[in-house]
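# Reading the structure
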Amino acid sequence: MIRVGQGWDCHRIVVGRPLILGGVTVPCEFGLEGHSDADVLSHAITDAIIGAIAAGDIGMHFPDTDPRWKGAGSLQFLRHAVALATEAGYKISNVDSTVILERPKLKDFRLPIRESLAATMGLSVDQVSVKFKTAEKVGPVGEGRSAESQAIVCLVRS
Ligand code: C5P
Ligand code: MG
């Protein structure tokens, strides 16, 4: 049996915070605002996994009002989502994702980000796809005010 899940996330761009994507810090003069480390990519993938097993959403498992998650590394959310899927009797077949950010260019960070995500989820790198897009200078992402991420996962019965 196969299940699919979809996730989306958005964070505001701010100066004075690191830009963390899939657990990798990308050198940049701005970062993303959030209660946790604001890793928009990890949040989208976490929600996709939680969605695939119909277990609510990321905010239900890790409320942003909980002081435990203030400044938390988001890879732990992802690890927890994988554990929930494992408990439900599923393993991840593959993950595909997109980060939408006007700049900086992210393609040189694709492999480290895929490696970081794969290691966190207990997958091989070829099971984890990460794509990058600009928003063509249109809207809040295009104007450099926010970053978005989308993810889809396929789970198979283990
Ligand atoms: O958004 P656009 O279609 O112009 O992106 C073209 C390519 O630029 C993408 O396929 C991706 O490889 C790269 N890109 C990037 N970092 C971004 C946005 C896009 O490396 N922040
Ligand atoms: Mg988020």
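Predicted model only: the values in this text are computed from it and were never measured.

Reading the values: the criteria
Residues numbered from 1 in each chain as written. Chains lettered and ligands numbered in written order. Predicted model: local features only at pLDDT ≥ 70, side-chain atom pairs only at ≥ 80, totals over all residues. Heavy atoms only, no water. 1 Å grid on protein atoms, 1.4 Å probe; cavity = no way out; pocket = protein on both sides within 12 Å on 5 of 7 lines; lining within 4 Å. Points joined across faces, edges and corners; volume = space filled by probe spheres on them. Helix = DSSP H or I, 4+ residues; strand = E, 2+ residues; numbered from the N terminus. Nonpolar A, V, L, I, M, F, W, Y, C, P; charged D, E, K, R; others polar. Axes fitted to C-alpha atoms, helices over the stretch in contact; angles between N-to-C directions. Parallel < 35°, antiparallel > 145°, perpendicular 65-115°, else oblique. Left-handed = near helix turned anticlockwise from the far one by under 90°. Contact = heavy atoms within 4.5 Å. Pairing = 2+ DSSP bridges. Right-handed = clockwise from strand over helix to strand, strands pointing away. Expected span 1.5 Å × (residues − 1). Buried < 20%, exposed > 50% of the residue type's maximum accessible area, 1.4 Å probe, protein only. Donors = N, O, S within 2.8 Å, 3.2 Å for Na, K, Ca; no water.

Turning our eyes to something else, we now look at the layout of surface pockets. Here the largest pocket defines a volume of roughly 280 Å³. Contributing to the lining of the largest pocket are 15 residues, with H11, H43, I58, F62 and D64 lying nearest its centre. Mapped onto the lining of the largest pocket, the elements with two or more residues apiece are β1 (2-15), α1 (40-52) and α2 (58-61). The element contributing the most residues to the lining of the largest pocket is β1, with 3 residues. Considering only residue class, the lining of the largest pocket consists of 6 nonpolar, 6 polar and 3 charged. The calculated volume of the second largest pocket comes to roughly 160 Å³. Together, V99, L101, E102, R103, P104, K105, L106, K107, R110, F132, K133 and T134 line the second largest pocket.

Turning our eyes to something else, we now look at the packing of helix α3 (residues 75-87) against helix α4 (residues 110-121). It is the contact of α3 with α4, at a shortest axis distance of 9 Å, that shows an interaxial angle of 45 degrees. With respect to α4, the axis of α3 lies oblique. Between α3 and α4 lies a crossing of right-handed hand. Of the residues in α4, those in contact with L75, L78, R79 and V82 of α3 are S116, L117, T120 and M121. Here the contact of α3 with α4 is built from residues that sort into 5 nonpolar, 2 polar and 1 charged.

Bringing the pairing of strand β5 (residues 90-100) into the picture now. Pairing between β5 and strand β7 (residues 146-157): 10 bridges, direction antiparallel. Residue pairing for β7: T98 is matched across the bridge by Q150. Here β5 pairs with strand β6 (residues 128-133) via 6 bridges, running parallel. From the neighbouring strand, T98 faces β6, where its bridge partner is K131. After leaving β5, the chain enters α4 and then returns to the sheet as β6, a path that is right-handed.

A separate point is the packing of α1 against α3. Packing of α1 against α3 brings their axes to within 9 Å, and their N-to-C directions diverge by 15 degrees. Looking at the two axes, α1 sits roughly parallel to α3. The interaxial crossing formed by α1 with α3 has left-handed handedness. Facing S42, H43, I45, T46, I49 and I50 of α1, the residues of α3 in contact are L75, F77, L78, A81, V82 and A85. Considered class by class, the residues forming the contact of α1 with α3 number 9 nonpolar, 3 polar and no charged.

On to α4, then. With 12 residues, α4 extends 16 Å between its outermost C-alpha atoms, agreeing within 8% with the 16 Å of an ideal straight helix rising 1.5 Å per residue. Looking only at α4, the buried set comprises I113, S116, L117, A118, T120 and M121. Looking one or two places after α4, you find G122, whose phi comes out positive at around 70 degrees.

In the first shell of the magnesium ion (ligand 2), the protein supplies D9 (OD), H11 (NE2) and H43 (ND1), at 2.0 Å from the metal. Spacing between the donor residues of the magnesium ion (ligand 2) along the chain follows D-x1-H-x31-H. One end of the pair, H11, is in strand β1; the other, H43, is in helix α1, and 32 residues separate them in sequence. For the pair H11 and H43, one class covers both residues: buried.

Any link to function would need more than the numbers given here.
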